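A closer look at the structure
Below are the chains, spelled out letter by letter.
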Amino acid sequence: MATKQKTLQDLFQDTLKDVYHAEKQILRALPKMAKAAESDELRKAFETHRDETEVQIERLEKVFEIMERRPQGKPCEAMQGLVEEGKEIMEDFKDSDALDAGLLASAQTIEHYEISRYGTLRTWAAQLGMKDAVGLLEETLKEEKKTDALLTQLAEKAVNQKAKAA
């Protein structure tokens, strides 16, 4: 008996579950990162992104609704690894002038993963004719890019210099 050929719709749904789980992991990690950050600006960036992440999860839930599916995550091993790396940085560089640079780099790695995923999901949603989902995913993609740009600015303006000066 032949197995059913998987489609772009299946891939979209599978990736959506992956990102949903990833965002939930990020939501749990950001308060810890904010607490560990020494820079007030970096702490505020993490706190702001935590609030944005809550809204991003709500958008993903709306995409599930559009698909007439229950919001459901699928363990995102990539994000689990990235979050674990962030924890290691918090432990290994605690009380170090390089801590914030490490936290920031970890956060940017997470942002780049999210930018990649949301860009892909937006493109697939467009190809699948899911116009409402495209708008929701595009909105989140723009926020992720904005956060990445803010983190780059913080790194270049102060965080990396502090780490270098020590």
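The structure this text deals with has already been given above.
Description of the structure in this document. (Residues numbered from 1 in each chain as written. Predicted model: local features only at pLDDT ≥ 70, side-chain atom pairs only at ≥ 80, totals over all residues. Heavy atoms only, no water.)

Describing the overall build of the protein chain
In plain terms, the rule: Under the DSSP-based scheme used, a helix requires at least four consecutive residues in state H or I and a strand at least two consecutive residues in state E, with every element numbered from the N terminus. Three labels apply to residues, based on accessible area from a 1.4 Å probe with only protein chains included: buried if under 20% of the type maximum, exposed if over 50%, partly exposed otherwise in between. Throughout, a residue-residue contact means that at least one pair of heavy atoms, one from each residue, lies within 4.5 Å.
On a plain count of helices and strands, the protein chain comes out with five helices and zero strands. Its helices and strands in sequence order give the protein chain the pattern α-α-α-α-α, from N to C terminus. C-alpha atoms of the protein chain, sized along the principal axes, occupy 65 × 35 × 20 Å. Residue burial in the protein chain is summarised as follows: out of 166 residues, 43% are buried. Put simply, of all contacts in the protein chain between residues at least 6 apart along the chain, 80% involve residues at least 24 apart.

Overview of the side chain of Thr147
Residue placement: Thr147 occurs in helix α5 (residues 131-165). A relative accessible area of 10% means that Thr147 is categorised as buried. If we skip the residues at most four places from it in the chain, Thr147 touches His49, Glu52 and Glu111.

So, a positive patch on the surface
Short version of the rule: Here a patch means residues that are over 30% exposed by relative accessible area and free of salt bridges, tied together within 9 Å if like-charged and within 5 Å if nonpolar (Val, Leu, Ile, Met, Phe, Trp, Tyr). Accessible surface area values rest on a Shrake-Rupley calculation with a 1.4 Å probe, where residue burial reflects the displayed protein chains alone. Every case where a carboxyl oxygen of Asp or Glu lies within 4 Å of a side-chain nitrogen of Lys or Arg is listed as a salt bridge. Only four residue types enter the charge count, namely Lys and Arg as positive and Asp and Glu as negative; His and the chain termini do not. Working definition for charges: the position is that of NZ of Lys, CZ of Arg, CG of Asp or CD of Glu.
Positive charge collects at one region of the surface, where Lys24, Arg28, Lys32 and Lys87 lie side by side. Here the positive patch takes three residues from helix α1 (residues 8-36), the largest share from any one element. Looking at the element boundaries, Lys24 is found in helix α1.

Here we look at unusual backbone geometry
You will see that Glu68, though not glycine, has its phi angle at about 60 degrees, which is positive. Along the polypeptide, Glu68 turns up in the loop between α2 (40-66) and α3 (77-92). Positive phi, close to 65 degrees, is recorded for Asp95, a residue that is not glycine. The topology assignment puts Asp95 in the loop between α3 and α4 (99-127).

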